[in-house]
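# What the coordinates show
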Amino acid sequence: MDDRGNELLRVSGICKDFSTVRVLHDVSFRLRAGEILGIIGENGAGKSTMMKILSGIYSPTSGEIFLDGEKTDIRSPLDAKNLGISLIPQEFNLVNDLTVYDNVFLGSELLKKNGLLDKARMKARTAELLQELGVSISPEAKIEGLSAAEKQMVEICKALAFQCRILIMDEPTTVLTQHETGILFKRMRRLRDEGMTILYISHKLKEIEAICDRVLVLRDGRFVLDRPAGELSPEEMAQSMVGRELSQIFPQKSQPRDAPLLEVRNLSIPGLLH
């Protein structure tokens, strides 16, 4: 089935070399508008490298990227930002000593006609974004006083403040509780339903199954699978990631022998064992 009519972004033949080591080999995939695409793979599979290329942190060694059907060069994070692509890194990129609204507009502050900071407008816009996400955080709250889930929402606000179309989330639930993860997923579904496209990287396959519309698997820097999430179980995802049956990864344990190898009786150490 040809889905080009709904195609937002297309990656074609992307390769990435670091010195003489190739970490991405001819990776190609499509991203549809208004979907959550899960990207999975073992450590070193190339997931984060691919996302850093899309967000302008790295440049590909070869290959092409198309946005809205037109070839696009993403040479810097600013290029990505201007194209509506935002990355929420695994480690929060927030300044603890600053307020929520300071962080949301950090590096892209709104100014008055006289060149001074327009704090009132930045606070008001931040409040609107927080309200849209259903989060009860004051724009003037300090980052250092927020929970991990609230910091995650601030990162999303940073993306939404500048007309983000593609939101890349790299292991967003690593520091979240199960309850906080549920809140995040609710917000993600709402953003998707409003038309945002989300690239979601995670090692937690149950989460991929729960939140993603489609799953893309990378293995050793190569694309190996692109399937609807509903067609794959976590076990099948894991097998695609490693390239072999799980029984080969976790072989059956041998049974203990009947005869004991070592027996200990009445062992005592003063102050320790009795």
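Before going into details, it helps to say that this report is about the structure given with it. (Residues numbered from 1 in each chain as written. Predicted model: local features only at pLDDT ≥ 70, side-chain atom pairs only at ≥ 80, totals over all residues. Heavy atoms only, no water.)

The next subject is the overall build of the protein chain. On a plain count of helices and strands, the protein chain comes out with 9 helices and 10 strands. Expected size for 274 residues packed as a compact globule is a radius of gyration near 19 Å; at 23 Å, the protein chain overshoots this value by more than 25%. By its C-alpha atoms, the protein chain is 85 × 55 × 40 Å across when sized along the principal axes. Counting every position in the protein chain, which comprises 274 residues, the buried fraction comes to 43%. In the protein chain, the proportion of contacts linking residues at least 24 apart, taken out of those at least 6 apart, comes to 64%. Side chains of the protein chain carry 36 positive and 39 negative charges; the gap between the two charge centres is 2 Å. (Helix = DSSP H or I, 4+ residues; strand = E, 2+ residues; numbered from the N terminus. Rg over C-alpha atoms; globule rule 2.2 N^0.38 Å. Buried < 20%, exposed > 50% of the residue type's maximum accessible area, 1.4 Å probe, protein only. Contact = heavy atoms within 4.5 Å. Lys, Arg positive; Asp, Glu negative; His and termini not counted. Charge placed at Lys NZ, Arg CZ, Asp CG, Glu CD.)

Across the sheet, 6 strands lie side by side as β6-β7-β8-β3-β9-β10; this open sheet has mixed pairing. For this open sheet the edge positions go to β6 (85-88) and β10 (222-228), each flanked by a neighbour on one side alone. In this sheet, neighbouring strand axes are inclined to one another by 20° on average, regardless of whether the strands run parallel or antiparallel. Contacting β3 (36-40), β6, β7 (166-170), β8 (197-201) and β9 (214-219), helix α1 (residues 47-54) runs over the sheet at an angle of about 150° to β8. (Pairing = 2+ DSSP bridges. Axes fitted to C-alpha atoms, helices over the stretch in contact; angles between N-to-C directions.)

Time to look at the environment of Arg219. Note that Arg219 resides in strand β9. Arg219 gets classed as partly exposed once you look at its relative accessible area, which sits at 27%. Separated by 23 residues in sequence, Arg219 and Val242 have C-alpha atoms that sit 7.0 Å apart. In this structure, Arg219 is in contact with Ala45, Val224, Gln239, Ser240, Met241, Val242 and Gly243, ignoring residues within four places of it in sequence.

One pass over the structure, following the stated rule, counts 2 aromatic pairs. When the centroid spacing of 5.2 Å and the interplanar angle of 75° are considered together, the rings of Phe18 and Tyr58 count as edge-to-face. Note that Phe18 is positioned in strand β1 (residues 7-18) and Tyr58 in the loop between α1 and β4 (62-67), a separation of 40 residues in sequence. Judged by centre distance (6.0 Å) and plane angle (75°), the ring pair of Phe185 and Tyr200 falls under edge-to-face. Residue Phe185 is located in helix α6 (residues 178-193), and its partner Tyr200 is located in strand β8; the two are separated by 15 residues in the primary sequence. Phe185 gets classed as buried once you look at its relative accessible area, which sits at 8%. For Tyr200, a relative accessible area of 0% gives the class buried. Across from the ring centre of Phe66, 4.3 Å away, lies the NZ or CZ of Arg10, which sits over that ring. Between the NZ or CZ atom of Lys16 and the centre of the ring of Phe18, over which it lies, the distance is 5.1 Å. (Phe/Tyr/Trp six-rings, centres within 6.5 Å; stacked < 30°, edge-to-face > 60°. Lys NZ or Arg CZ within 6 Å of the ring centre and 35° of its normal.)

Attention now moves to the pairing of β1. The pairing of β1 with strand β2 (residues 21-32) spans 8 bridges and is classified as antiparallel. In the sheet register, Ile14 faces β2, and the bridge partner there is Val27. Connecting β1 to the next strand, β2, in antiparallel fashion are 2 residues, including Ser19 with a positive phi near 60°.

Along the chain, Lys16 falls in strand β1. The side chain of Lys16 sits in the buried core without any salt bridge; Asp17 is the nearest counter-charge, 8.1 Å away. From its side chain, Lys16 meets the backbone oxygen of Ser59 in a polar contact 2.8 Å long. With residues near it in sequence (within four places) discarded, Lys16 still touches Val21, Arg22, Val23, Leu24, Thr49, Ile53, Tyr58, Ser59, Pro60 and Thr61. (Salt bridge = Lys/Arg side-chain N within 4 Å of Asp/Glu carboxyl O. Polar contact = N/O pair within 3.5 Å; in protein donor to acceptor, adjacent residues only side chain to side chain.)

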